[in-house]
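# Descriptive analysis of the structure
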Amino acid sequence: MNEDITTIFYKEGYDLAIQNAKSLSKIAINAANENEFGIACALNILSAEEAIKANFLIIKHYNPSSEISDFDEIFLDHKVKHKHIKELAILHQIKLDLIKKDIKLFNEFLDIIKDLPKS
């Protein structure tokens, strides 16, 4: 991939945002272990916000000409970040439901195979 300064900028931004997300999550776990649940919750939210920013940046890194709604706002507005976190959670649940359905079908197929004669 022939990277220009823009795609390098997006990749470096992604790296920083994902590292921030990981650090905030680690500290949130430490806070929870100290029974500081309010602080842990706040840090988890900030971690998720950083992860959403990282998601936007990595998309722009691989598709720099893509138009992403709310791209500029994701760096400025907590409400926009929270909206995208909720949307991502919904999408994740849909994917999990589809995987569960596929696994159920696969298990049914395995049951059929078990009953087939060896020949």
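The structure reproduced in this document is the subject of the present report. (Residues numbered from 1 in each chain as written. Predicted model: local features only at pLDDT ≥ 70, side-chain atom pairs only at ≥ 80, totals over all residues. Heavy atoms only, no water.)

On to the overall build of the protein chain, then. In terms of regular secondary structure, the protein chain is built from three helices and zero strands. Written out in order from the N terminus, the α and β elements of the protein chain read α-α-α. The C-alpha radius of gyration computed for the protein chain amounts to 20 Å, which surpasses the reference 14 Å derived for 119 residues by more than 25%, pointing to a less compact arrangement than a globule. C-alpha extents for the protein chain along the principal axes are approximately 65 × 50 × 25 Å. Buried positions account for 24% of the 119 residues belonging to the protein chain. Considering only contacts within the protein chain whose residues lie at least 6 apart along the sequence, 50% involve residues at least 24 apart. Accessible area for the protein chain stands at about 9,000 Å²; split by element, carbon and sulfur atoms hold 61% of it. Between the centroid of the 15 positive side chains of the protein chain and the centroid of its 19 negative side chains there is a distance of 6 Å. (Helix = DSSP H or I, 4+ residues; strand = E, 2+ residues; numbered from the N terminus. Rg over C-alpha atoms; globule rule 2.2 N^0.38 Å. Buried < 20%, exposed > 50% of the residue type's maximum accessible area, 1.4 Å probe, protein only. Contact = heavy atoms within 4.5 Å. Areas by Shrake-Rupley, 256 points an atom, 1.4 Å probe, with all protein chains shown as cover. Lys, Arg positive; Asp, Glu negative; His and termini not counted. Charge placed at Lys NZ, Arg CZ, Asp CG, Glu CD.)

With nine residues, the main nonpolar core is built from Tyr-10, Ala-17, Ile-52, Ala-54, Phe-56, Leu-57, Phe-71, Ile-74 and Val-80. The greatest single-element share of this core, amounting to four residues, is contributed by helix 2 (residues 37–62). Once residues within four sequence positions are removed from consideration, Ile-74 is found in contact with Ile-52, Lys-53, Phe-56, Val-80, Lys-81 and His-84. (Core = buried A, V, L, I, M, F, W, Y, C linked by side-chain atoms within 4.5 Å.)

With that settled, the discussion passes to unusual backbone geometry. One non-glycine residue with positive phi stands out, namely Asn-35, at about 60 degrees. Relative to the helices and strands, Asn-35 resides in the loop between helix 1 (5–33) and helix 2. According to the relative accessible area criterion, Asn-35 is exposed, its value standing at 56%. At Asp-70, a position not held by glycine, the phi torsion is positive, near 70 degrees. By secondary structure assignment, the location of Asp-70 is in the loop between helix 2 and helix 3 (78–115).

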